[in-house]
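# Inside the fold
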Amino acid sequence: MNTIDPDLLAAAKTAFDRAYAPYSRFQVGAALLGTDGKIYAGCNVENASYGLSRCAEQTAIQKMVSEGVRGFSKAVVYTLASPPSSPCGACRQILFEFGENAEVVMVNDQNETRVFTVSELLPAGFGPRDLE
Ligand code: THU
């Protein structure tokens, strides 16, 4: 079943087009539906000092949180990979902080999709509750 939100997909594709990935040549666009109903999108931003590169999901989270929003219910990750590329381990942890129960749709240009919740991607994850 294709549960993808068209506005989120469009935002993820726009972010994908803006990816700065001259080293890996692997572009990623991510879009989050914030709890305020707004969309926060981001792309991967690489660096000549490779280890300083940032993933698309992390860019989107930083944008959302810096606009004062601390939760999201849905995420779309758009790549040209088949099967559609999945968030890396670091991104799973960062997504977990703000959207443990959020749905993550991975999609590519052929409209192949994979859908998981953040908790499915990071079972038994460490989060804010663990520090209460
Ligand atoms: N990348 C992301 O943007 N998100 C992920 O979850 C996986 C990897 C980026 C990082 C790097 O710019 C490129 O994809 C290749 O690893």
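Calculation notes
Residues numbered from 1 in each chain as written. Predicted model: local features only at pLDDT ≥ 70, side-chain atom pairs only at ≥ 80, totals over all residues. Heavy atoms only, no water. Helix = DSSP H or I, 4+ residues; strand = E, 2+ residues; numbered from the N terminus. Buried < 20%, exposed > 50% of the residue type's maximum accessible area, 1.4 Å probe, protein only. Contact = heavy atoms within 4.5 Å. Areas by Shrake-Rupley, 256 points an atom, 1.4 Å probe, with all protein chains shown as cover. 1 Å grid on protein atoms, 1.4 Å probe; cavity = no way out; pocket = protein on both sides within 12 Å on 5 of 7 lines; lining within 4 Å. Points joined across faces, edges and corners; volume = space filled by probe spheres on them. Near = heavy atom within 4 Å. Polar contact = N/O pair within 3.5 Å; in protein donor to acceptor, adjacent residues only side chain to side chain. Nonpolar A, V, L, I, M, F, W, Y, C, P; charged D, E, K, R; others polar.

In this section: the overall build of the protein chain. Helix and strand counts for the protein chain stand at 4 helices and 5 strands. Ordered by position from N to C terminus, the α and β elements of the protein chain give α-β-β-α-β-α-β-β-α. Across its three principal axes, the protein chain shows a C-alpha extent of roughly 40 × 40 × 25 Å. When burial is assessed residue by residue, the protein chain has 42% of its 132 residues classed as buried. Sequence-distant contacts in the protein chain: of pairs separated by 6 or more residues, those separated by 24 or more amount to 59%. Looking at the protein chain as shown, the accessible area adds up to about 7200 Å², and 51% of this sits on carbon and sulfur atoms.

Here the focus is the layout of surface pockets. Volume-wise, the largest pocket comes out at about 180 Å³. Lining the largest pocket are 17 residues, and of these Phe26, Val28, Asn44, Cys55 and Glu57 sit closest to its centre. Counting residues per element, the ones that place at least two in the lining of the largest pocket are α2 (56–66) and β3 (72–79).

Our next topic: the site of the ligand. Ser24, Phe26, Val28, Asn44, Glu46, Cys55, Ala56, Glu57, Ser86, Pro87, Cys88 and Cys91 make up every residue found near the ligand. Interatomic distance of 2.9 Å between a side-chain N/O atom of Asn44 and an oxygen atom of the ligand. Taking Glu46, its side chain carries an N or O atom lying 2.5 Å from an oxygen atom of the ligand. The protein chains hide 78% of the 370 Å² of surface that the ligand would expose on its own. Of the residues that constitute the shell around the ligand, the class distribution is 7 nonpolar, 3 polar and 2 charged.

Okay, the environment of Tyr78 next. With respect to the element layout, Tyr78 can be found in strand β3. Given the relative accessible area of 7%, Tyr78 is considered buried. Sequence separation between Tyr78 and Ala31 is 47 residues, and the spatial gap between their C-alpha atoms is 8.6 Å. What Tyr78 contacts, discounting residues up to four positions off in sequence, is Leu9, Ala12, Lys13, Phe16, Gln27, Val28, Gly29, Val107, Asn108 and Asp109.

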